[in-house]
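Secondary and tertiary structure notes
Spelled out, the chains give:
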Amino acid sequence: MAAAAGLALLAALLAAAGAERSRKVSMEYNPGWNSSSVNLLHVRALGPEDSLHYVWSSIGAPSMLLVATSSPSSALRVNWTQLLSPNPAGAVWIEPPDSVVYATAVVFTKLFEFSQARNPSGELFYPAYDLSEFSWDSLSLNRTALTAELRGAPATDPGGAFANGSLAFRLTAYASPGRSGRLPRLLHSAESSQLEFLLAGVAPRGNGSRFLLELATVETPGAARSLRSHRSIDDEYTPSIFQVLSLLAQPHNSSSVLGFLQWKATAYGSPSPRREDGIRCRAGGLQVASGTLPMASVVQAYFGESLGSICTINALNVSFGGEEGEVYQEKRYLSWSVLLGFGEPPRDTFSPLVISIAAVALGTPLAMLLLGSCLLLLARRRRYSEYEPIN
């Protein structure tokens, strides 16, 4: 009953925030810690009656904790000594605790590389890159642009694949609704942030290699994840890409949405992506994860013992590349963008350009038809007016 009430409260708060349309966004790097040897970024999006917290960290596997509260004065607290210990449970919390109405997390666990092979399965997988075992640089932060970038490489790289390359995540927070300036130009709200996965300069271990990113989500009791796909009408901002995928968190026995991950079915093979740089993007089926979640200290620190007992952990694989994987082979660059947020995901509508084109395409024949009808009526009236009856 308490969980249902909290979820209803979240829906009401997000509805009110939608009318406000903007938030005050701030960023804190390693709050309360004077070292850059580890990375923890706290993004706080303040609304008139609530606060949204995004906690992004590379302590363990790269992960993001998302917490919605009913208080505009709610704050993140971190016990650093405990967080960096072997048992971080309880090291991260929100004050006041009773202001939390919804919490979830996303963990990026592994990067797989595979290529086509002449065997019964048709694919050859190389040893996976475990992201919890990467060595990460200090986080690069731009508070003015509300962006942050985390870059790393395997702590041990026997094959030298990362000798001239790296894996990175770029986070962008938003204070108001809009659309990203880079392809795939995802539509965002003030209740969402964008995360870009970037693979640059990493040497493929086979001919026509393709990559697959594994991620996991954490849900508290009362909510469950589901993967949805729908056709997009957005052919102006992302030409030829008409599929949008959404990983939704919903209360049991309810159609309302608490949180989401949303992306378009494309990745890109260039730092300055164009339409021709598109790389096919596919999502595998959503699976309930068996076993324990890979090491992600911030997630363990917040959810504590419930992570392995009452929380639900789902896993999803997102793969990149066509049948042969030539795009990455040639350019050695891959970027994929995903939107994370609270409430209903943004949904594209017809853009002004599409409306204008449709109006011209449909209006011109109609105008010609009306004009022709008018001319025909005038011609008939003129013929009858010139007719003189026999006397």
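Before reading on, note that the structure itself is shown above.
One structure accompanies this document, and this report is about it. Source: prediction; values computed, not measured.

The secondary structure content of the protein chain amounts to five helices and 25 strands. When contacts within the protein chain are restricted to residue pairs at least 6 apart in sequence, those whose partners lie at least 24 apart make up 64%. Accessible surface computed for the protein chain: about 18,800 Å², of which carbon and sulfur atoms make up 55%.

Of all the seven residues making up strand S4 (residues 63-69), seven are buried; the element is thus mostly covered by neighbouring parts of the structure. The alternating pattern of S4 places Ser63, Leu65, Val67 and Thr69 on one face and Met64, Leu66 and Ala68 on the opposite face, and all of these are buried. Note: strand S3 (residues 51-57) against S4, seven bridges, orientation antiparallel. Of the residues in S4, the one forming a bridge with Val55 is Leu65.

The biggest cluster of nonpolar side chains holds 57 residues, and the ones touching the most others in it are Trp56, Leu167, Phe197, Trp263, Phe320 and Trp336. The contact partners of Phe320, leaving out residues within four places of it in the chain, are Phe197, Arg210, Phe211, Leu213, Ala267, Ile279, Arg280, Cys281, Leu334 and Trp336. Core analysis: the next-biggest nonpolar cluster, separate from the first, contains 28 residues, Val78, Val298, Ala301 and Tyr302 among them.

Turning our attention to the packing of aromatic side chains. Geometry of an aromatic ring pair is reported as the spacing of the ring centres plus the angle between the planes. All told, the structure shown has 18 aromatic pairs when counted by the stated rule. Summarising the aromatic geometry, the rings of Phe211 and Tyr328 are spaced 5.0 Å apart at their centres and angled 75° between planes, so their arrangement reads as edge-to-face. Remark: Tyr328 occurs in helix H4 (residues 326-331) and Phe211 occurs in strand S17 (residues 210-219); sequence separation between them is 117 residues. In terms of burial, Phe211 and Tyr328 fall into one category: buried.

Attention now goes to the environment of Leu83. If you trace the backbone, Leu83 turns up in helix H2 (residues 80-83). Placed 24 residues apart in sequence, Leu83 and Ile59 show a C-alpha to C-alpha distance of 9.0 Å. Leaving out residues up to four positions away in the same chain, Leu83 has contacts with Leu40, Ile59, Val78, Pro88, Ala91, Val92, Ser297, Val298 and Ala301.

This part covers the pattern of salt bridges. For the structure on display, the rule yields twelve salt bridges. Note that Arg77 and Glu95 form a salt bridge whose closest N and O atoms lie 3.2 Å from each other. Of the two residues, Arg77 sits in strand S5 (residues 75-78) while Glu95 sits in strand S6 (residues 92-95), which places them 18 residues apart along the sequence. A relative accessible area of 35% places Arg77 in the partly exposed class. Look at Glu95 and you get partly exposed, because its relative accessible area is 33%. When salt bridges that share partners are traced, they join Glu149, Arg151, Arg170, Arg182 and Glu196 into one network.

The omega angle of the peptide bond from Glu95 to Pro96 is -10°, so this bond is cis rather than trans. Mapped onto the secondary structure, Pro96 falls in the loop between S6 and strand S7 (100-116). Backbone geometry places Asn30, a non-glycine residue, at a positive phi of 45°. Within the element layout of this structure, Asn30 appears in the loop between strand S1 (24-29) and strand S2 (40-46). In this structure Asn30 comes out as buried when scored by relative accessible area, which is 2%. Within the chain, Arg185 stands out as a residue other than glycine whose phi angle is a positive 50°. For Arg185, a relative accessible area of 28% gives the class partly exposed.

With that out of the way, let us pick up the environment of Ser335. With respect to the helices and strands, the residue Ser335 is situated in strand S25 (residues 333-342). Among the residues examined, Ser335 registers a relative accessible area of 4% and is labelled buried. Each C-alpha atom, one on Ser335 and one on Tyr268, is 5.2 Å from the other, the two residues being 67 residues apart in sequence.

To continue, consider the environment of Glu113. Assignment of secondary structure puts Glu113 in strand S7. Taking the C-alpha atoms as reference, Glu113 lies 7.9 Å from Arg205; in sequence the two are 92 residues apart. Ignoring sequence-local partners within four residues, the contact set of Glu113 consists of Leu124, Phe125, Tyr126, Tyr129, Pro204, Arg205, Gly206, Ser209, Arg210 and Phe211. Separated by 2.5 Å, the side chain of Glu113 and the backbone nitrogen of Arg205 make a polar contact.

Here is what the cut-offs are and how they apply
Residues numbered from 1 in each chain as written. Predicted model: local features only at pLDDT ≥ 70, side-chain atom pairs only at ≥ 80, totals over all residues. Heavy atoms only, no water. Helix = DSSP H or I, 4+ residues; strand = E, 2+ residues; numbered from the N terminus. Contact = heavy atoms within 4.5 Å. Areas by Shrake-Rupley, 256 points an atom, 1.4 Å probe, with all protein chains shown as cover. Buried < 20%, exposed > 50% of the residue type's maximum accessible area, 1.4 Å probe, protein only. Pairing = 2+ DSSP bridges. Core = buried A, V, L, I, M, F, W, Y, C linked by side-chain atoms within 4.5 Å. Phe/Tyr/Trp six-rings, centres within 6.5 Å; stacked < 30°, edge-to-face > 60°. Salt bridge = Lys/Arg side-chain N within 4 Å of Asp/Glu carboxyl O. Polar contact = N/O pair within 3.5 Å; in protein donor to acceptor, adjacent residues only side chain to side chain.

The quantities given are spatial measurements derived from coordinates; they are silent on function.
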